[in-house]
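The residues making up each chain are set out below.
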Amino acid sequence: MTETNAAPLVGIIMGSQSDWPTLGKAAETLRDFDVPFETRIVSAHRTPQLLYDYTNGAANRGIQCIIAGAGGAAHLPGMASAMTTLPVLAVPVKSRVLNGVDSLLSIVQMPAGIPTATFAIGDAGATNAGLFAVSILGLQDHDLAKRLANYREALRQKIESSPSPVLDPDS
């Protein structure tokens, strides 16, 4: 499913529909920067041929990087990295049993030679993966790079304009 009318530049893949509440944060971030993307459910375990077909065809369709999120065993990002030379940005999804630590540990244990950029567990990781995708695309799109710089400047200004807590010397 393509999320915009323009040809997608970023692919967002996830192991199941239950990963969407997390990966949706990456989609929101890309929408905020007007970056065209597509989303797919691609399970490393249940649909390995679909994963193979998706990763092998992504670059030919104009995809420049892939955001891959998965929970539990979390093989999707690593398997995607093994099947393409496109940058793969991995988002560990919180699991019910180990709160996403299992996902994180699975993803970061990639062997040398198959790089997978790994972000924080959950929503923050998905947002940052979206921002990192914007940064990658900004290497070729100076307008996009400028919008990212403006976004970061707005974050800085927000912090600087926030009142500092007043410490009670008697406490």
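The structure we're discussing is the one just above.
Reading guide: rules and limits
Residues numbered from 1 in each chain as written. Predicted model: local features only at pLDDT ≥ 70, side-chain atom pairs only at ≥ 80, totals over all residues. Heavy atoms only, no water. Helix = DSSP H or I, 4+ residues; strand = E, 2+ residues; numbered from the N terminus. Buried < 20%, exposed > 50% of the residue type's maximum accessible area, 1.4 Å probe, protein only. Contact = heavy atoms within 4.5 Å. Areas by Shrake-Rupley, 256 points an atom, 1.4 Å probe, with all protein chains shown as cover. Lys, Arg positive; Asp, Glu negative; His and termini not counted. Charge placed at Lys NZ, Arg CZ, Asp CG, Glu CD. Core = buried A, V, L, I, M, F, W, Y, C linked by side-chain atoms within 4.5 Å. Pairing = 2+ DSSP bridges. Axes fitted to C-alpha atoms, helices over the stretch in contact; angles between N-to-C directions. Right-handed = clockwise from strand over helix to strand, strands pointing away. Patch = residues over 30% accessible without salt bridge, like charges linked within 9 Å, V, L, I, M, F, W, Y side chains within 5 Å. Salt bridge = Lys/Arg side-chain N within 4 Å of Asp/Glu carboxyl O. Parallel < 35°, antiparallel > 145°, perpendicular 65-115°, else oblique. Left-handed = near helix turned anticlockwise from the far one by under 90°. Nonpolar A, V, L, I, M, F, W, Y, C, P; charged D, E, K, R; others polar.

### Here we look at the overall build of the protein
Here is step 1 of the chain: Looking only at helices and strands, one finds six helices and five strands in the protein.
Here is step 2 of the chain: Reading the helices (α) and strands (β) of the protein from amino to carboxyl end gives β-α-β-α-β-α-β-α-β-α-α.
Here is step 3 of the chain: Projected onto its principal axes, the C-alpha coordinates of the protein cover approximately 65 × 40 × 30 Å.
Here is step 4 of the chain: Counting only residues that meet the buried cut, the protein has 41% of its 171 residues in that class.
Here is step 5 of the chain: Look at the contacts in the protein between residues 6 or more apart in sequence, and 68% of them connect residues 24 or more apart.
Here is step 6 of the chain: Roughly 9500 Å² of accessible area belongs to the protein as shown, and the carbon and sulfur atoms make up 57% of that amount.
Here is step 7 of the chain: One way to put it: in the protein the 12 positive side-chain charges average out to a point 4 Å from where the 15 negative ones average out.

### Here we look at the nonpolar core
Here is step 1 of the chain: Counting 25 residues, the largest nonpolar core has V10, I12, L30, V35, I67 and L89 as the members making the most contacts within it.
Here is step 2 of the chain: Going through the elements one at a time, β1 (10–14), α1 (20–32), β3 (65–70), β4 (88–92), α5 (123–138) and α6 (142–161) are the ones with two or more residues in this core.
Here is step 3 of the chain: The biggest single contributor to this core is α5, with seven residues.
Here is step 4 of the chain: Sequence-distant contacts of V35, that is, excluding residues within four places in its chain, are made with V10, L30, V134, L137 and L144.

### Some words on the sheet that holds β1
Here is step 1 of the chain: The sheet built from five strands is open, its strands ordered β2-β1-β3-β4-β5 with parallel pairing. Every interior strand has two partners, whereas the edge strands, β2 (37–41) and β5 (117–118), have only one.
Here is step 2 of the chain: Most of the contacts of α1 go to β1, to which it runs at about 170 degrees, and overall it touches β1, β2, β3 and β4.
Here is step 3 of the chain: Seen against the sheet, helix α2 (residues 48–58) touches β1, β2 and β3 and runs at an angle of roughly 170 degrees to β1.

### Thoughts on the pairing of β2
Here is step 1 of the chain: In this structure, β1 lies alongside β2, joined through five bridges in parallel fashion. Of the residues in β2, the one forming a bridge with G11 is E38.
Here is step 2 of the chain: Crossover handedness for the path β1 to α1 to β2: right-handed.

### Points about a nonpolar patch on the surface
Here is step 1 of the chain: Taken together, the side chains of V97, L98, V101, L105 and V108 present a nonpolar region at the surface, about 460 Å² in accessible area.
Here is step 2 of the chain: Secondary-structure assignment places V108 in helix α4 (residues 101–108).
Here is step 3 of the chain: Note on V108: relative accessible area 40%, which makes it partly exposed.

### Things to note about the packing of α2 against helix α3 (residues 76–83)
Here is step 1 of the chain: Two numbers describe how α2 lies on α3: the axes approach to 9 Å, and their chain directions differ by 50 degrees. In terms of orientation, α2 and α3 fall into the oblique class. For the element pair α2 and α3, the recorded crossing hand is right-handed. Where α2 approaches α3, its residues L51, Y52, T55 and N56 are matched on the opposing element by L76, M79, A80 and M83.
Here is step 2 of the chain: Grouping the amino acids of the contact of α2 with α3 by side-chain chemistry returns six nonpolar, two polar and no charged.

### Looking at the packing of α5 against α6
Here is step 1 of the chain: Contact geometry for α5 and α6: axes closest at 7 Å, N-to-C directions at 140 degrees. With respect to α6, the axis of α5 lies oblique. Crossing of α5 against α6: the hand is left-handed. Within the contact between the two elements, α5 uses L131, V134, S135, L137 and G138 and α6 uses H142, L144, A145, L148 and Y151.
Here is step 2 of the chain: Of the residues assigned to the contact of α5 with α6, the class counts are seven nonpolar, three polar and no charged.

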